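# Geometric and topological summary
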Amino acid sequence: MTTSQTPPRVFVRNATGLRKEAGALDVFVYNTNNQNIGLGVAFLGLGIGAYAGGLLPLSALLATVLVIPLYMVYSRLSADMPRSGGDYVWTSRIFGPVFGPPIGFMVAWTWIILAFTAIGAPAAFFGQLGVAGWMRSLAVATGSSGFESIGNWVSGETGAIVVGSVLLLFFTVVLIRGVRTYMKIQNWTFLLAMLGILLEFIAGLISPHADFSQRFNSYVAKAGGSAHASATVLANTPVTHGVSASATFYAMLWTIYMVLFGATSCYIGGEVRRARTTQRFGMLGSLVLTGLCMAALIALISWSIGLPFLNGLSSIDPSKIGLSFTPTYNELLTIGTGGNLFWVITLGFLFLFWTYVWMPINFFTCTRLMLALSLDGYLPPSLSKVHEKYATPYIGIIVAFVVGEASLILYVTGILSVITLLWAGVVMFAVVGVAAMLYPSRMRDVWTGNGGGTVLGVPTIRIWGALLVPAMLVVLYILWNDPNVGIGHAPLQKWLNIGLPLSGLVVYAAIWAWRKRGGVDLRLAAAEIPPD
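Below is a short write-up of the structure. (Residues numbered from 1 in each chain as written. Predicted model: local features only at pLDDT ≥ 70, side-chain atom pairs only at ≥ 80, totals over all residues. Heavy atoms only, no water.)

### With respect to a nonpolar patch on the surface
- Judged by side-chain polarity, L192, L195, L198, I202, L205, I206, W303 and F349 come together as a nonpolar surface patch covering roughly 740 Å² of accessible area.
- For the nonpolar patch, the element with the highest residue contribution is helix α9 (residues 179–206), accounting for six residues. (Patch = residues over 30% accessible without salt bridge, like charges linked within 9 Å, V, L, I, M, F, W, Y side chains within 5 Å. Areas by Shrake-Rupley, 256 points an atom, 1.4 Å probe, with all protein chains shown as cover. Salt bridge = Lys/Arg side-chain N within 4 Å of Asp/Glu carboxyl O. Helix = DSSP H or I, 4+ residues; strand = E, 2+ residues; numbered from the N terminus.)

The following block contains the structure:
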């Protein structure tokens, strides 16, 4: 057996070829979309009966406050080290040449796999949570069975996969054609989505609360269901004994699931203009908007529709009242207006723009992380290859499309769920909290060069990092123990979430050993901040 005589070398890298095309508005909308006001309320509404007795608007506000340390840490590190790959770059450098590379790779690996799984599900949401309910409302309002047939088809496996695949292909082309192209589409559709939120508030406020049960009965009967649907729903309302602190606590899960991900613009750090102000505004501004809107919307539907009804509806199989799928809160607000065609068309159409937006953002996340890993020598050079005209990592985008198509099928067929790997991701947030505490001492020149900042002599980033770790421990506890969807109740979910970060360390070791045999020490890449 022989050993290589070639000494380990440092990677010499050129600029990435990406362009700084994202401004403050772009990043604000990007992060708000990735939190997703519409889907956050929809998911809670579909499982609201599990939190009967909870003070749900309060849950939303508490969840928003809980994640503030995350935003303070990520906005500061995104400003100090604005590079593609975000927290991979920070952790791989801050933890030093021995521990940094494996920890950084574990962080990147976890987020790439999580992003891959989160590309497919939103493509399915477009049909299942958006188009299907809209078509059913149109069928009831117009008397046309054709709309109902379309709705039933897109809510089924075949329809969801076909429609989702078309959507995936469309955004693959858009993302290859450039960040600016995507941001223009994103900003205009966000305007439509927020118009939908405004109209939801108006619809909820003008609808007579006392008439909702009657209007629901009429709607379900016209959709081919039971003429006494509301009585069946209310008969299934969970019994409550006053306000429940436990339900209030665990109901935070669905707001947490949204507001955890408003700092995702860190992964496109190399493409953000004026990172210091843009990232701070884009992250914190999006958190405030999302948290307040979700709390207000939850309060609105609780008043307009009624918590007993919402609890009962989420606890009953829709087939028992003659429906093929449970209505979302948006469809219920449409019902509350009496099925007026204006509200049917506008609320149904505008809600579509909330359903899919996670998908393109997870394209960005996984492709920029793959680009960063490729620049550091872990992945093939082709994944950091940038299109000369469009300045996008087009090969990585194509890879993400292929894997996203697979995750779409796995989600629609019930193998993946919307929170399958979320627990593992939250562990990575806690790791970044530790990195934030170490940052001022481990990378002192970078920290002081970017303004430092202390409170009573303690670096502010260290304080926020120290707050981030226990905040994420609370989130991990909720995700593990939630009585409705907690991963602690499912052995497979437990092993997937524990195994994902560990598998990253195994893959790192294999890649490091293979490159070492070729005379390349990958740990040396962590000695420098990567190029823009």
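### Quick notes on the environment of P459
- Looking at the secondary structure, you find P459 in strand β2 (residues 458–459).
- A relative accessible area of 8% means that P459 is categorised as buried.
- For the pair P459 and L371, spaced 88 residues apart in sequence, the C-alpha separation works out to 31 Å.
- Residues within four places of P459 in sequence aside, it is in contact with P440, W447, G453 and T454. (Buried < 20%, exposed > 50% of the residue type's maximum accessible area, 1.4 Å probe, protein only. Contact = heavy atoms within 4.5 Å.)

### A closer look at helix α21 (residues 460–481)
- Its 22 residues place the ends of α21 32 Å apart at the C-alpha level, agreeing with the 32 Å of an ideal helix rising 1.5 Å per residue.
- Those residues of α21 lying buried are I461, G465, L468, V469, A471, M472, V475, L476, I478 and L479. (Expected span 1.5 Å × (residues − 1).)

### Observations regarding the packing of aromatic side chains
- By the definition in use, this model includes 36 aromatic pairs.
- Between Y74 and W90 the ring centres are 5.1 Å apart and the planes differ by 70°, which places this aromatic pair in the edge-to-face class. Of this pair, Y74 sits in helix α4 (residues 68–80) while W90 sits in helix α5 (residues 87–94), and the two are 16 residues apart along the sequence. Note on accessibility: Y74 and W90 belong to one class, buried.
- With centroids separated by 6.3 Å and ring planes inclined at 55°, the aromatic side chains of F249 and Y477 adopt a geometry described as tilted. With a gap of 228 residues between them, F249 in helix α12 (residues 245–250) and Y477 in helix α21 connect regions that are remote in the sequence.
- The aromatic ring of F325 is capped on one face by R136, whose charged end is 3.9 Å from the ring centroid. (Phe/Tyr/Trp six-rings, centres within 6.5 Å; stacked < 30°, edge-to-face > 60°. Lys NZ or Arg CZ within 6 Å of the ring centre and 35° of its normal.)

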